[in-house]
Structures are given as C-alpha cells and as structure tokens.
Amino acid sequence: MSKDVTRRTGREAARSTSGDVANFLDRLAQTPNLKAAGGKGRLVFAMDATASREPTWDRACHIQAEMFRETEVLGGLEVQLVFYRGFGECKASPWVDSSGDLVRRMTAVRCLGGQTQIGKVLRHTLKETGKKKVNALVFVGDCMEEDVDRLCHHAGRLGVLGTPAFMFQEGGEPIAMRAFRQIARLTGGAYCSFDSSSARQLRELLGAVAVFAAGGRLALSDYGKRTGGAALQITKQIG
C-alpha cells in the first residue's frame, strides 16, 4: 500500500471515529436519567473477555477506574462488573462503590477464547434492574456472534424499563457495529467506536456516562464545563 493511500485511509478512519463520538454525545445529552433522589447511581459495566480482547484488556481495566472520579459528590456510584469468556462462562461481581474494588476484580480476569454472550449480559441487566433500578449499562466489546433479533428483543425490554445501553465497540467489525447500534437505539442509549489510539477519548466518554448515571443531565452539564474535552461537547449539545 502506498504512503498516500495509507494517509488517506487513516484520515477516513479518524473522520469515522469523530462522527461516532459526535453521535454518541448527542444521544447521551438526550437520554433521560431516572435515578432515585438521594440514592447512588447504579451502572452495570460489561466486557467481552474473549481472546480477541486480550491485547487491550489491561489498559481497559485501568481506564475503568476513571468512572468513579467526580461521582462521589453526586451521591456516589455503584458498579457491577459483568464479563464473559471461554465456553459459556459469564460472571457478575457484587456491586462495588470504589474504583479500587473494581480494578482489583478486573485485573484478576484473564481473557479466554470463546464466542460472544451479549444475550446473557442483556438478560442479566434485565434481572438486576427488576430488583433495583439500573441507571445505565455500559458494554465494551469488538464482535458479535449471536442472533441479532434475540438481542434486539432483550434490548427492547431494557428500553421499556428505562435502562439505556451505551455500546462501545473496539475496532470496526461491521456485523458487530450494526448490532451494537440497534441495541443502543432500542434501549435509548448510544453507540461509539474506539481504537487502541483513543484511550483518552474512551476514558472521557466513560467518565461522562458515570457522571450521567450518578447525577443526571444537570450533573453532566456541570462536569462538562469544568473538564472540557468530550464532556464539554456533551454540555454544548445540551445547550
């Protein structure tokens, strides 16, 4: 491949990622938050821990700790880690309310080859929000190997219950992209793609979702004014 073609391809990829981020921020700005007054926000954080994610897993683990920053003054945030890997293995942690607890649990996980189990993640979130309101589901993955109609059925149920799914795709595998976009749309959430060079951007976006889950749109607006970056773009969308 020539240098000109390589540069052109890189520019096209950058424009695509930028468009995904803009769309994500727009959707987040429009998403209603239904957190009960006086309680902690609750967020299910789900990750694909199959073999294809291994190269970026450790970096992702440390990025997740950023979700807890800024949320304490909003009443705090409870996070439940859900991950799948190997042959039919899908596990959920207890609910934790500190970045240290979350990071320790995540760094203990090692990726194993296997197929995706996004359906289990959606069903689990339905079960949890049936017990006590879950304010948001965050999912980070790179592919999808399931019946998309079944996934959309579960996503629609989450949408009815008012639990938005924020779908982060590593890379740009087209089948997963279409499925993730549909899940986000049906739940009232948002979709965004990222790559190995956009760790800072992912950290900002995850932080923005955490602030949204903990304190709603007004808290997100204040956060954006103070921090700038991706969160500031959300503030401008809120207007």
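Shown above is the structure to which this text applies.
Since we're looking at a predicted model, the values are computed, not measured.

Secondary structure summary: the protein chain contains 8 helices and 6 strands in total. For the protein chain, the proportion of its 239 residues judged to be buried stands at 50%. In the protein chain, the proportion of contacts linking residues at least 24 apart, taken out of those at least 6 apart, comes to 78%. Total accessible area computed for the protein chain in this model is approximately 11000 Å², and 51% of it derives from carbon and sulfur atoms.

The next thing to look at is the pairing of strand β2 (residues 77–85). Most of β2 sits out of view: 9 of its 9 residues are buried. Burial along β2 is two-sided: the face carrying Leu77, Val79, Leu81, Phe83 and Arg85 and the face carrying Glu78, Gln80, Val82 and Tyr84 are both buried. Strand direction decides the pairing type here: strand β1 (residues 41–48) and β2, joined by 8 bridges, are parallel. Residue pairing for β2: glycine 41 is matched across the bridge by leucine 77. Here 4 bridges tie β2 to strand β3 (residues 89–92), and the two strands are oriented antiparallel to one another. In the strand pairing of β3, tyrosine 84 is matched with cysteine 90. Where β2 folds back on β3, the antiparallel hairpin that results is connected by 3 residues, among which glycine 86 adopts a positive phi of roughly 55°.

A separate point is the pattern of salt bridges. What the rule picks out here adds up to 8 salt bridges. For the salt bridge of glutamate 89 with lysine 91, the shortest nitrogen-to-oxygen distance reads 3.3 Å. The class for glutamate 89 is buried, based on a relative accessible area of 18%. Each of Arg42, Glu78, Glu128 and Lys131 takes part in salt bridges that share partners, so that together they form one network.

Bringing helix α4 (residues 118–131) into the picture now. Over its 14 residues, α4 runs 20 Å from end to end, which matches the ideal 20 Å to within 8%, given 1.5 Å per residue. Among the residues of α4, Ile118, Gly119, Val121, Leu122, His124, Thr125, Leu126, Glu128 and Thr129 are the ones counted as buried. Close packing links the buried residues of α4 with β1, β2, β3, β4 (136–141), α5 (148–161) and α6 (174–187).

What follows covers the sheet that holds β3. What links the strands of a sheet is backbone hydrogen bonding, and the strands pair in either a parallel or an antiparallel sense. Read from one edge of the open sheet, 6 strands run β3-β2-β1-β4-β5-β6, paired in mixed fashion. Edge strands, defined here as strands with exactly one partner in the open sheet, are β3 and β6 (190–194). Direction aside, the axes of adjacent strands within the sheet are offset by 15° on average. Across the sheet, α4 touches β1, β2, β3 and β4, and the angle it forms with β2 is around 150°.

A separate point is α6. Taking 1.5 Å of rise per residue, 14 residues should cover 20 Å, and α6 covers 20 Å from first to last C-alpha, within 8% of that figure. Every buried residue belonging to α6 is among Ala176, Ala179, Phe180, Ile183, Ala184 and Thr187, and all of these are buried. The arc that holds the buried residues of α6, viewed along the axis, is 135°, so those residues lie on one side. Of the exposed residues in α6, those oriented more than 90 degrees away from the buried face are Arg178 and Arg185. On its buried face, α6 is in contact with α4, β4, α5, β5 (165–170) and β6. Two or three places before isoleucine 175, at the start of α6, stands the capping residue glutamate 173, its side-chain oxygen 3.1 Å from that residue's backbone nitrogen.

Here we come to the side chain of threonine 125. Along the chain, threonine 125 turns up in helix α4. Exposure remark for threonine 125: the relative accessible area of 0% places this residue in the buried category.

The subject of this paragraph is the packing of aromatic side chains. All told, the structure shown has 3 aromatic pairs when counted by the stated rule. Plain terms: the ring middles of phenylalanine 139 and phenylalanine 180 are 5.5 Å apart, the flat faces sit at 80° to each other, and that makes the pair edge-to-face. Here the residue phenylalanine 139 occupies a position in strand β4, and phenylalanine 180 occupies one in helix α6, the gap between them amounting to 41 residues. By relative accessible area, which is 1% here, phenylalanine 139 ends up buried. Aromatic pair phenylalanine 166 and phenylalanine 212: ring centres 6.0 Å apart, planes at 80°, arrangement edge-to-face. Taken together, the residues span a long stretch of sequence, with phenylalanine 166 in strand β5 and phenylalanine 212 in helix α7 (residues 199–227) at a distance of 46 residues.

Conventions used here
- Residues numbered from 1 in each chain as written.
- Predicted model: local features only at pLDDT ≥ 70, side-chain atom pairs only at ≥ 80, totals over all residues.
- Heavy atoms only, no water.
- Helix = DSSP H or I, 4+ residues; strand = E, 2+ residues; numbered from the N terminus.
- Buried < 20%, exposed > 50% of the residue type's maximum accessible area, 1.4 Å probe, protein only.
- Contact = heavy atoms within 4.5 Å.
- Areas by Shrake-Rupley, 256 points an atom, 1.4 Å probe, with all protein chains shown as cover.
- Pairing = 2+ DSSP bridges.
- Salt bridge = Lys/Arg side-chain N within 4 Å of Asp/Glu carboxyl O.
- Expected span 1.5 Å × (residues − 1).
- Axes fitted to C-alpha atoms, helices over the stretch in contact; angles between N-to-C directions.
- Arc of directions from axis to C-beta.
- Polar contact = N/O pair within 3.5 Å; in protein donor to acceptor, adjacent residues only side chain to side chain.
- Phe/Tyr/Trp six-rings, centres within 6.5 Å; stacked < 30°, edge-to-face > 60°.

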